[in-house]
Amino acid sequence: MKQELKENGGLPAHILWTLAIVAGVSVANLYYNQPLLNIMRHELEVSEFKTNLIAMITQIGYALGLLFIVPLGDLYRRKNIILTNFFLLIFSLLAIAMAPNIYIIWAASLITGICSMIPQIFVPIASQFSRPENKGRNVGVVISGLLTGILASRVVSGFVGEVLGWREMYFIAAGMMLLCAIVVLKVLPDIQPTFQGKYSGLMKSLFSLVREYPSLRIYSILAFGSFLAMWSCLAFKMGEAPFHASSDVIGILGLCGIAGALTASFVGKYVKKVGIRNFNFIGCGMILLAWASLFFCGNNYAGIITGVILIDIGMQCIQLSNQTSIFDIYPSASNRVNTIFMTTYFIGGSLGTFLAGSSWQTWGWSGVVGTGVILTIISLSITLYSKK
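All of these numbers come straight from a predicted model, not from anything done at the bench.

## Looking at the overall build of the protein chain
Part 1 of the argument: When its secondary structure is counted, the protein chain shows 17 helices and 0 strands.
Part 2 of the argument: For 388 residues, the compact-globule estimate of 2.2 N^0.38 gives 21 Å, and the C-alpha radius of gyration of the protein chain, at 20 Å, lies within 12% of that figure.
Part 3 of the argument: Reported as C-alpha extents along the three principal axes, the dimensions of the protein chain are approximately 60 × 55 × 35 Å.
Part 4 of the argument: Split into buried and exposed, the 388 residues of the protein chain put 56% on the buried side.
Part 5 of the argument: For the protein chain, the computed accessible surface area is about 16900 Å², with 68% contributed by carbon and sulfur atoms.
Part 6 of the argument: Separation between the mean location of the 25 positive side-chain charges and that of the 15 negative ones in the protein chain comes to 12 Å.

The following block contains the structure:
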């Protein structure tokens, strides 16, 4: 007999670890393409611009999934939503694996991005059904799983693409989604919806939540733009003198992000004790130190690695403390609250990517550093002058 979950009643360990592991495996679908783009370009005989659109379309799909599908977790049974998305993911990943041209890959990548928002349904589950004293820790465990999946995806796809081929990576990914669907079907209990009404009313309620809870707007304005400013231009920096590094080396630098994944579970335990504001101060301070390392010591590997580790840890201090706290605002609307948080978070990240790219074109690495510092200072100022 499957265990029934009760709000604040406690989340069994086997369910928590299922959420964490499946979150990591499912979010990986967003990032498999990044190391494979050059291989795909050569086989499909298309331009770099058309190939790069694969990654962009996948991210657009993810944003659409965040905005339009995650809120459904308050309206329908979450298990049904999750299984439906796994079913669609299997077909979209197989479509990419067997695609004869770039246009089918674009369409399938959009669907892959939309349906890969599954972890953002898992995070509210971890908060809503954990005991109050364990909420931060359990959300941290799921976030750690998600971050580990992001980190591992690039390494795995790069290796599989080199040894077996890029199509084989997507066949493997489809098989993993089938396995995840079976595990979720067996392990995750049914969770009753909390919103009564139609989908149109559900989406309108997002605006009501933003108006009624101003702190959501504050919580959602984070330093993610500063974080992505670094990652969006680091490959350009590493490709120049004195490094002249290949994509393999840049991928290995991404593994330094494991510091962020490890920090997530640690931060979650202490959110209540240390406080959201204090974690924001700590996080912004570490990000500023990261940019200092990347600027003053940016021509040697020690400076780059130090910067990458610091910016990952700082980002997790900010994100996790804020994301953990937002679920206390309105527990029965946890999916909609997470939608507002993650959508705004994503917009901030996109802005940072755009500003950093523009700065790189004009001022080089110094411009990227300046962009990151300014965005972090704005985030710090919001924390200083907000009432909470």
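So much for the structure itself; the text now carries on.
## Section: a nonpolar patch on the surface
Part 1 of the argument: A cluster of nonpolar side chains, namely M56, I60, L64, F68 and Y199, defines an oily patch on the protein surface of about 420 Å² accessible area.
Part 2 of the argument: At 4 residues, the largest contribution of residues to the nonpolar patch is made by helix α3 (residues 48-68).
Part 3 of the argument: If you trace the backbone, L64 turns up in helix α3.

## Here we look at the packing of helix α7 (residues 135-163) against helix α15 (residues 301-326)
Part 1 of the argument: At their nearest, the axes of α7 and α15 sit 10 Å apart, and the two run at 130 degrees to each other. With respect to α15, the axis of α7 lies oblique. Of the two elements, α7 crosses α15, and the hand of that crossing is right-handed. In contact with K135, G136, V139, G140, I143 and L147 of α7, α15 contributes Q316, Q319, L320, Q323 and T324.
Part 2 of the argument: Grouping the amino acids of the contact of α7 with α15 by side-chain chemistry returns 4 nonpolar, 6 polar and 1 charged.

## Quick word on the environment of L72
Part 1 of the argument: Its place among the elements puts L72 in the loop between α3 and α4 (78-98).
Part 2 of the argument: Measuring from C-alpha to C-alpha, the distance between L72 and N335 comes to 7.6 Å, with 263 residues separating the pair along the chain.
Part 3 of the argument: Setting aside its immediate chain neighbours within four residues, L72 contacts I81, Y199 and L202.

## Points about the nonpolar core
Part 1 of the argument: Counting residues in hydrophobic clusters, the biggest one holds 119 residues, and the most contacted among them are F86, F122, W291 and W365.
Part 2 of the argument: Here this core takes 10 residues from α15, the largest share from any one element.
Part 3 of the argument: Not counting the four nearest positions on each side in its chain, W365 is found in contact with M230, C233, L234, K237, W291, L294 and W360.

## Some points on the pattern of salt bridges
Part 1 of the argument: Counted under the stated rule, the structure contains 2 salt bridges.
Part 2 of the argument: Put simply, E43 and R167 hold a salt bridge, and the shortest N to O gap is 2.9 Å. Of this pair, E43 sits in helix α2 (residues 33-44) while R167 sits in helix α8 (residues 166-187), placing them 124 residues apart in sequence.
Part 3 of the argument: For R167, a relative accessible area of 18% puts it in the buried group.
Part 4 of the argument: In this structure, R336 and D74 form a salt bridge, with 2.9 Å as the shortest nitrogen-oxygen distance. Here R336, found in helix α16 (residues 334-363), pairs with D74, found in the loop between α3 and α4; they are 262 residues apart in sequence, far enough to count as distant. For the pair shown, R336 and D74 are each scored as buried.

## Here we look at unusual backbone geometry
Part 1 of the argument: In this model, A241 is joined to P242 through a cis peptide bond whose omega is 5 degrees.
Part 2 of the argument: The residue P242 is located in the loop between α11 (224-239) and α12 (247-254) in this model.
Part 3 of the argument: Within the chain, E45 stands out as a residue other than glycine whose phi angle is a positive 55 degrees.
Part 4 of the argument: With respect to the helices and strands, the residue E45 is situated in the loop between α2 and α3.
Part 5 of the argument: Residue E45 is classed as exposed on the basis of its relative accessible area, which comes to 72%.

## Describing α4
Part 1 of the argument: For α4, spanning 21 residues, the distance from its first C-alpha to its last is 30 Å, which sits close to the expected 30 Å at 1.5 Å a residue.
Part 2 of the argument: Along α4, the residues classified as buried are R78, K79, I81, I82, N85, F86, L89, I90, S92, L93, I96 and A97.
Part 3 of the argument: In this structure, the buried residues of α4 make contact with α1 (13-27), α5 (102-115), α6 (119-128), α8 and α16.

The rules behind these values
Counting from 1, residues in each chain are numbered in the order their sequence is written. Under the rules for a predicted model, residues below a pLDDT of 70 receive no local features and side-chain atom pairs below 80 are neither given nor counted, while totals for whole chains, interfaces and linings still include all residues. Values reported for side chains reflect all heavy atoms of the structure, with hydrogen atoms and water molecules removed beforehand. The secondary structure listing takes helices from DSSP runs of H or I that are at least 4 residues long and strands from runs of E that are at least 2 residues long, numbered from the N terminus. The size measure is the radius of gyration over C-alpha atoms, and the globule rule it meets is 2.2 Å times the number of residues to the 0.38 power. Here's how the labels work: a residue is buried when its accessible area is under 20% of the maximum for its type, exposed when over 50%, partly exposed in between, all with a 1.4 Å probe on protein chains only. Surface accessibility in these figures is a Shrake-Rupley result with a 1.4 Å probe; residues are shielded only by whichever protein chains are displayed. Charge counting follows a simple rule: Lys and Arg are positive, Asp and Glu are negative, and His as well as the terminal groups are ignored. To locate a charge, take atom NZ for lysine, CZ for arginine, CG for aspartate or CD for glutamate. Think of a patch as exposed residues, more than 30% relative accessible area, with no salt bridge, where like charges cluster within 9 Å and nonpolar side chains (Val, Leu, Ile, Met, Phe, Trp, Tyr) cluster within 5 Å. In the sections that follow, a salt bridge refers to a side-chain nitrogen of Lys or Arg positioned within 4 Å of a carboxyl oxygen of Asp or Glu. Axis definition: a line fitted to C-alpha atoms, limited for helices to the stretch in contact. Angles are taken between N-to-C directions and run from 0 to 180 degrees. By the definition adopted for this analysis, an angle is roughly parallel if under 35 degrees, roughly antiparallel if over 145, roughly perpendicular if from 65 to 115, and oblique otherwise. Crossings are sorted by hand: turned counterclockwise from the far helix by less than a right angle, the near helix makes the crossing left-handed, and turned clockwise it makes it right-handed. Note on contacts: a residue pair qualifies if any of its non-hydrogen atoms lie within 4.5 Å across the two residues. Each residue is assigned to one class: nonpolar for Ala, Val, Leu, Ile, Met, Phe, Trp, Tyr, Cys and Pro, charged for Asp, Glu, Lys and Arg, and polar for all the others, Gly among them. Residues belong to a common nonpolar core when they are buried Ala, Val, Leu, Ile, Met, Phe, Trp, Tyr or Cys residues joined through side-chain atoms within 4.5 Å. Expected helix span is taken as 1.5 Å per residue step, with the number of steps being one fewer than the number of residues.

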